[in-house]
Amino acid sequence: MKVALISYEVYPFAKVGGLADVVGALPKYLEKHGTKPIIFMPKHRVVEKGAEKFGYTLKKIKEGLNVPFLKTDEKFDIYETKLPKSNVPVYLISNDYYFSAEKVYDGPDLAEQAIYFSAAVLEAIKNLKLKFDIFHVNDWQTALIPVYLKSLYKEVPEFFKAAVVLTIHNLGYQGIFDQKYLEFAGLPEYLYNIDGIEFYGKINFLKGGILFSDVINTVSPTYSQEIQTKEYGEKLDGVLRLRAADLYGILNGIDYEEYNPATDDRIYVNYSIDDIEKKYENKKKLQEEMGLPVKDVPVIGMINRLVDQKGLDILADIFRYITLFNVQFVLLGTGDEKYEKLFEDIAKEFPEKVSANIKFDVTLAQKIYAASDMFLMPSRYEPCGLGQMYSLRYGTIPVVRYTGGLADTVMEYDESTMKGNGFGFKEYDSAHLLRAIARSVDIYFNKKQHWRKLIKNAMTTDLSWERSAKEYIKLYTRAKNKIV
Ligand SMILES: Nc1ncnc2c1ncn2[C@@H]1O[C@H](COP(=O)(O)OP(=O)(O)O[C@H]2O[C@H](CO)[C@@H](O)[C@H](O)[C@H]2O)[C@@H](O)[C@H]1O
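Rules used in this analysis
Residues numbered from 1 in each chain as written. Predicted model: local features only at pLDDT ≥ 70, side-chain atom pairs only at ≥ 80, totals over all residues. Heavy atoms only, no water. UniProt positions renumbered as here; feature names shortened; annotations may be inferred. Helix = DSSP H or I, 4+ residues; strand = E, 2+ residues; numbered from the N terminus. Buried < 20%, exposed > 50% of the residue type's maximum accessible area, 1.4 Å probe, protein only. Contact = heavy atoms within 4.5 Å. Phe/Tyr/Trp six-rings, centres within 6.5 Å; stacked < 30°, edge-to-face > 60°. Polar contact = N/O pair within 3.5 Å; in protein donor to acceptor, adjacent residues only side chain to side chain. Near = heavy atom within 4 Å. Areas by Shrake-Rupley, 256 points an atom, 1.4 Å probe, with all protein chains shown as cover. Domains from an automatic or database assignment.

In the nomenclature of an unreviewed UniProt entry, the protein chain corresponds to Glycogen synthase from the organism Thermosipho ferrireducens. Listed under Sequence similarities (unreviewed entry) in UniProt, the entry text for the protein chain is "Belongs to the glycosyltransferase 1 family. Bacterial/plant glycogen synthase subfamily." The Function (unreviewed entry) comment attached to the protein chain in UniProt states, word for word, "Synthesizes alpha-1,4-glucan chains using ADP-glucose."

Given below as structure tokens:
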């Protein structure tokens, strides 16, 4: 089975959030299980910067191609490389106007960038004479691809036998733009209606993807159910219910080679489940690096995009109470200014207890995953969540809100059975969050043998891509069966 995996972000070439991790890892495991994946992504400016560090080379293979139906004369080139530590080919769409901003989501016009990328990928596939059984598109940035395939490309022989799978990594981002972009995209006028991509007087890329893909999935079983409700549906719950028969949930995995405390060269000291003492050496080094007192207190880590989704409002409400505990708190994140400022202010006020690192730094992220005792993720909603999975893998105990993928990966620790790998709460409010943190701190200080067991349970939780990749292959087969 030949699969085109199309994404705006792919690790290690360009990463903003979890989307990149998923598309950077899944193909390796698909390949292991007999499918032939090929990745398509934009050649963002950051892609060149990472070449040396991650050991890939970029080769230009086509030049000066255009997309005839778009309202622009911009031309694109195609570059080729391989996904590091695999044989998976990667094709990059290069255009200086659209994809050379310093940051992936800056640039002249995000709607045009997404449209241009989506359309250029289809033209590139035609030009390279590639044939696919499956187009696997990801999130709103590539959600117009199914719309193109079922309209402008309907009669193109290379395409009409391929099935389309859309993965929704986060329903909170839908690509809602002015109607004028329909014309820019060269898409037929008839799509602008309530059964098409019209959405409250605008157009909605993700809605197009949901309606025109053969099969849809989200990144955890719980989230696939939640998004069909008003509370989590972000105004698309009706459309999703319409597609309920073709809507699945597959939990993401994590890359066990990339994220392995025994071999990870980004952390201070390597360790495994058999020499967990060395985990505490990581803690000492992190405390030193963060300018916190080096002592045996629980370190609570948090690594996040600083946005409403991540439950920062309920955390803000009780932060002062947390500082009354004998704990340290290390944050790494960037995002909304109000949250960046909030954490910076708290760190200034409690320099002995709080370290706020307002930047994007994947090496520091690994150090925090390895060195912390607990990892906080009180998300308002969480499609899957990778942070809690990395922390489990590194023996760092997640404290989460049981929603979406957090509910599917973290199980409340039960002292009587010694089962479970973390702590959490269901109701979205600060009192429940505080209680969950308090419980974890109590067990850390007062019930050492339970804490050890928790670490063991965390580190042996199966979060590998092997399991998820097999489920994706089943999903591809389902999609294929729908169109023959
Ligand atoms: N400042 C910083 N420095 C370094 N690294 C940072 C960082 N801020 C965040 N990260 C990293 O970015 C990733 C975040 O992934 P998540 O899955 O937790 O959330 P995100 O909301 O981006 O992903 C969305 O897509 C994924 C993938 O499907 C879903 O799991 C998730 O629920 C959904 O919201 C983690 O690898 C984290 O370490």
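J.: Hey, could you run me through the environment of Leu5 in this one?
T.: Summarising the element assignment, Leu5 is placed in strand 1 (residues 2-6). Residue classification places Leu5 among the buried residues on the basis of a relative accessible area of 0%. Between the C-alpha atoms of Leu5 and Arg243, which are 238 residues apart in sequence, the distance is 22 Å. If we ignore the near neighbours within four places in the chain, the residues touching Leu5 are Val23, Leu26, Pro27, Leu30, Pro37, Ile38, Ile39, Phe40, His136 and Asn138.

J.: What is the right way to read the packing of aromatic side chains from this model?
T.: Centre-to-centre distance and the angle between the planes together describe a pair of aromatic rings. Applying the stated rule across the entire model yields 35 aromatic pairs. For the ring pair Phe329 and Phe343, a centre distance of 6.3 Å and an interplane angle of 10° mean the geometry is stacked. Of this pair, Phe329 sits in strand 14 (residues 328-335) while Phe343 sits in helix 14 (residues 337-349); the two residues are 14 residues apart in sequence, bridging distant segments of the chain. For the pair shown, Phe329 and Phe343 are each scored as buried.

J.: Looking at this structure, I do not really get the environment of Arg478. What am I missing?
T.: Within the fold, Arg478 resides in helix 20 (residues 465-483). With a relative accessible area of 37%, Arg478 lands in the partly exposed category. Put simply, Arg478 and Asp246 are 232 residues apart on the chain and 9.2 Å apart in space, counted from C-alpha to C-alpha.

J.: When you look at the UniProt feature "binding site: ADP-alpha-D-glucose" (unreviewed entry) in the protein chain in this model, what are you seeing that I'm missing?
T.: In this numbering, the UniProt entry assigns the feature "binding site: ADP-alpha-D-glucose" (unreviewed entry) to Lys15. Discounting residues that sit within four places of it in the chain, Lys15 has contacts with Glu9, Ala20, Asp21, Tyr259 and Phe360. A polar contact is formed between the side chain of Lys15 and the side chain of Asp21, at a distance of 2.9 Å.

J.: What's the story with the site of the ligand in this structure? I'm lost.
T.: Looking at the ligand, there are 31 residues lining it, with His169, Arg305, Tyr369, Glu382 and Gly385 nearest. Within the side chain of Asp21, one N or O atom sits 3.4 Å away from an oxygen atom of the ligand. In this structure, Asn170 approaches the ligand through a side-chain N or O atom, which is 3.3 Å from an oxygen atom. In isolation the ligand has 710 Å² of accessible area, and contact with the protein removes 97% of it. Secondary-structure elements contributing two or more residues to the shell around the ligand are helix 1 (18-32), strand 13 (299-306), strand 14, helix 15 (362-371) and helix 16 (387-393). In terms of residue count, helix 1 provides more of the shell around the ligand than any other element does, four residues in total. Structurally, the shell around the ligand is a two-domain feature, drawing no fewer than three residues from each of domain 1 (2-253 + 466-483) and domain 2 (273-462).

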